Number of protein chains: 2
Amino acid sequence: MPCPYDLYLDNALVLTLEPGARPLFPGFVAVAQGRIAQVGEAPPELPRPAAREYLDAAGLLVLPGLVNTHCHAPMVWFRGLADDLSLKDWLTRLIFPAEGRWLTPQRVCLGARLAAAELIRAGITTVADGYFHEEEVRRALAEAGLRAVVAQGVVDFPAPGVPDPKDNLRVAREFMDAGADEPEGLLTSTLFCHSPYTCGPETLTAAKDLTRARGLPFFIHLAETQGEVAECRAKTGLTPARYLDRLGLLDEATVAVHAVWLEPEEVELLALRGVKVSHCPTSNCKLGSGVAPVPDLLAAGVTVGLGTDGAASHNRLDLFSDMALAARLHKVHRRDPTVLPAAQAVALATREGARVLGLEHRVGTLTPGKAADFICLNLRQPHLTPLFDPFSHLVYAARAADVVHVMVNGRWLMKDRRLLTLPWEGLAAAVREEARDLPAFLNRLEQEAKKE
Amino acid sequence: MPCPYDLYLDNALVLTLEPGARPLFPGFVAVAQGRIAQVGEAPPELPRPAAREYLDAAGLLVLPGLVNTHCHAPMVWFRGLADDLSLKDWLTRLIFPAEGRWLTPQRVCLGARLAAAELIRAGITTVADGYFHEEEVRRALAEAGLRAVVAQGVVDFPAPGVPDPKDNLRVAREFMDAGADEPEGLLTSTLFCHSPYTCGPETLTAAKDLTRARGLPFFIHLAETQGEVAECRAKTGLTPARYLDRLGLLDEATVAVHAVWLEPEEVELLALRGVKVSHCPTSNCKLGSGVAPVPDLLAAGVTVGLGTDGAASHNRLDLFSDMALAARLHKVHRRDPTVLPAAQAVALATREGARVLGLEHRVGTLTPGKAADFICLNLRQPHLTPLFDPFSHLVYAARAADVVHVMVNGRWLMKDRRLLTLPWEGLAAAVREEARDLPAFLNRLEQEAKKE
């Protein structure tokens, strides 16, 4: 008789994240062929079913892996390189020169591998990434075993790997075609239009057509700053959301990233069109952009997920800090401590994030038939003691470092905080070596620019 | 010849936190008789001086231990017990009944020991605590080896251990007298007037006189909510800060906790009087209280430190999250990404916190002659790679879990994340056992109250 389960985990506190479900204790999760076969409560006196691997998860909290709906993985190279600057200084003095003159496909790949290590250690099992040379990111995330929606960046000016903007859609199409037949079902390849202020209307509509024809999500930065809104109004007579709507870009497959500066009517518009929102509170705070109207979006029925954004503006790829910040920021912004309660913040980072990416049939809850993507946290620590409400602990007390085990698609990516798919020591040494001269390189560029 | 040093730590990246000092690398710290004997850079080819203990700190970041300027340690019992409620519901349905009917001196002590474990694991080496049965907190923190300013709570209504408010100042005075001769110099015993709305003017002035006569800091919650300001105006015709000033309570030994709702003239008033401010951004956000005018306070020359507040409103005793939140919150509140840069946020959590508590001659910077209170963080992790600016990493990327070693007064309290002064396993089991029935107990109280 074949062994029915590949893994049987028990004695845990289990949160399925199915709407309204109560915590399961003592809870078990059974995994077979990369999927969740069963989940429920199992009294310890019952015999365990046959399984290839057993995990006694006493003292562990088990929940769906976190879904990061917005990331630029290779930007880990720029972590802490340039903080506390105005957006203009940050972009023109550091980020644009570093991207244009220093990044190579090899460095994009190495950065994405570093990011993958960080994502796994933070309990993120699905990541939506958008960048240039995205085929290198795809390769790195696939090697790491992560689930990902990878999106080739599209802008109407020269970009890494796309010196002539006329090629931007061709490069994106080729990237999407090359990723269309990924056998494991772990990777979705699409495109990411940077924003309405860096892409012209022809590019925006043609890009949306490419994704629409393939049934893929379409990502775009939207209404991140007040300056962007003013510029869009001056150019088009419309706010960014209304402008995209006029171009026919707003539908259920569009993911609006940031969505900070929305008028009440625009919140209704996004709800009407079924647009999804990726909320990046840490990035929005650190860059001084503003506070997205998340309580209003949720009240209007918009699907909202959380995103870390890149490590140049977060500075770490850690949704625990975004759950905590979202829950706290909207309370103080509205002067109402009942806004965005803990269980809702956890849902945004898991179930709702999966819906933002169109992956709700595969991940986001611990439901039989869905992929075995889950994480285990060690509850036996001072800052998680005592325990009355696991949702409260996840949002207000836990840290990414409390994640001890990570499984994606039935494969362990981390056990006891040890990375199993990435050679961390060698990777770290390679990154340190490559990064050593980056500040001097940028200084030289700045000096040359001043001379000219 | 006697061994000159008790500890010689080298090969580290060292931040002394002295104003304007650059990072030292490869840095060393030499400790003798509980104090910092020397700190500087040491080329690895030089022979090490004689020492009882050597620590090769390659890959570690060394800085002064963090100073938590506001805590209610025993409230760890209520962590996650009641979140996302209005302040009124939170206080009347949960916190007051739990404090009044469930807390005992034994539970205060056990809670404070749990809090001590958490503080040490988060790299906090000095804590200012205010609560009731504070002699139990003092005992627990002393056993743990922490440096502390412990303050007996004073309110004009019945409190744990002080059923008749007429005794509140006598109890506080006895607490202060019993702690006056602490031999190690680790503990300062003072009092903490809860607030201008829970203490009458006679209590406030008499309490301040008690601390003034002894040259001790005087703590008070001030202008935490808009409701408090309105109530104070209605009762006294004055805002809380002006009311305390009229009572003669504002001077260089007064620590105003929260200080959220201050008018510009009150910022100037605090600066003029030399009042110190304890900024608790996480608590202020989670309770929806408001955003303190920290950039204005700093511009006016007010000394500001960071506080976690109690675990019922944070929910963890972790200043790394407060550094990060302070830096991000004030940026988005002012829509200016240059506000509260990383190095300043680290200073608030160390050097400036020490000044708030009047302990700047002993701790807050790594300076020869000061106490050997420092922490070591493990930099060799994905989220701290690459490294360009250690201040940026401390604020925007590091987590409390990155702290591996903690020393206070020349004594190791934690090595390789193992607590050396607290029996964590037994402590955790005792806390879990005691906490088990707390929710049911509070439910019963609520049912009884409804019947009456």
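These figures come from a predicted structure and were not determined experimentally.

The number of helices and strands found in chain A is 16 helices and 17 strands. Taken along its principal axes, the extent of the C-alpha atoms in chain A is 75 × 50 × 45 Å. Residues counted as buried form 59% of the 452 residues belonging to chain A.

What follows deals with the nonpolar core. If you look at the biggest cluster of nonpolar residues, it comprises 319 residues, and the most contacted ones within it are Met 323 of chain A together with Met 323 of chain B. Ignoring any residue separated from it by four or fewer positions in sequence, one finds Met 323 of chain B in contact with Leu 306, Ala 345, Val 346, Ala 349, Leu 394 and Val 395 of chain B.

Residues and elements named next belong to chain A. The 8 strands are arranged β6-β7-β8-β9-β10-β11-β12-β13 in an open sheet whose pairing can be described as parallel. What marks the edges here is a single partner per strand, and that holds for β6 (66-71) and β13 (304-306). Averaged over all adjacent pairs, the angle separating strand axes in this sheet is 25°, with direction ignored. Sheet topology note: the strand β12 (residues 276-279)/β13 ladder contains 3 bridges and is parallel.

Let us now look at the relation of the copies chain A and chain B. Expressed as a screw operation, the relation of chain A to chain B combines 0.0 Å of axial shift with a rotation of 180°, fitting to an RMSD of 0.0 Å. Interpreted geometrically, this transformation is the action of a two-fold axis. Considering only C-alpha atoms, the residue of chain A closest to the rotation axis is Ala 401 of chain A, which sits at 3.2 Å. In this assembly, 100% of the residues forming the interface of chain A have copies in chain B that are likewise at the interface, indicating an isologous arrangement.

Here we come to the interface of chain A and chain B. Listed by partner, the interface residues are 54 residues for chain A and 54 residues for chain B. Secondary structure elements with two or more residues in the side of chain A that touches chain B: α2 (105-121), α9 (281-286), α11 (319-334), α14 (390-397) and α15 (424-435) of chain A. Grouping the constituent residues of the side of chain A that touches chain B by class yields 25 nonpolar, 12 polar and 17 charged.

Attention now goes to the sheet that holds strand β12 (residues 276-279) of chain B. Residues and elements named next belong to chain B. Overall, parallel pairing links the 8 strands, which are arranged β6-β7-β8-β9-β10-β11-β12-β13 in an open sheet. In the strand order of this sheet, the two ends are held by β6 (66-71) and β13 (304-306), each with one partner. For this sheet, the mean angle separating the axes of adjacent strands, direction not counted, is 25°. By the bridge criterion, 4 bridges tie β6 to strand β7 (residues 124-131) in an arrangement that is parallel. Paired with Val 67 across the two strands is Thr 126, which belongs to β7. Of the strands in this sheet, β8 (147-154) and β9 (187-193) are in contact with helix α4 (residues 168-178), which crosses β8 at around 160°. Sheet strands touched by helix α12 (residues 342-349): β6 and β13. Its angle to β13, the strand with the most contacts, is close to 80°.

All names here are of chain A. Domain assignment breaks chain A into domain 1 (5-64 + 368-419) and domain 2 (66-356). Taken together, the 22 residues of domain 1 in the interface contact 25 residues of domain 2. When residues of the side of domain 1 that touches domain 2 are traced back to their parent elements, those giving at least two are β5 (60-64), α14, β15 (403-408) and β16 (411-415). Sort the elements by how many residues they give to the side of domain 1 that touches domain 2 and α14 lands first, with 5 residues. Class assignment for the residues of the side of domain 1 that touches domain 2 results in 16 nonpolar, 2 polar and 4 charged.

About the cut-offs
Residues numbered from 1 in each chain as written. Chains lettered and ligands numbered in written order. Predicted model: local features only at pLDDT ≥ 70, side-chain atom pairs only at ≥ 80, totals over all residues. Helix = DSSP H or I, 4+ residues; strand = E, 2+ residues; numbered from the N terminus. Buried ≥ 20, exposed ≤ 12 C-beta atoms within 10 Å, placed from the backbone. Core = buried A, V, L, I, M, F, W, Y, C linked by C-beta atoms within 7 Å. Contact = placed C-beta atoms within 7 Å. Pairing = 2+ DSSP bridges. Axes fitted to C-alpha atoms, helices over the stretch in contact; angles between N-to-C directions. Least-squares fit on C-alpha atoms with pLDDT ≥ 70 in both. Nonpolar A, V, L, I, M, F, W, Y, C, P; charged D, E, K, R; others polar. Domains from an automatic or database assignment.

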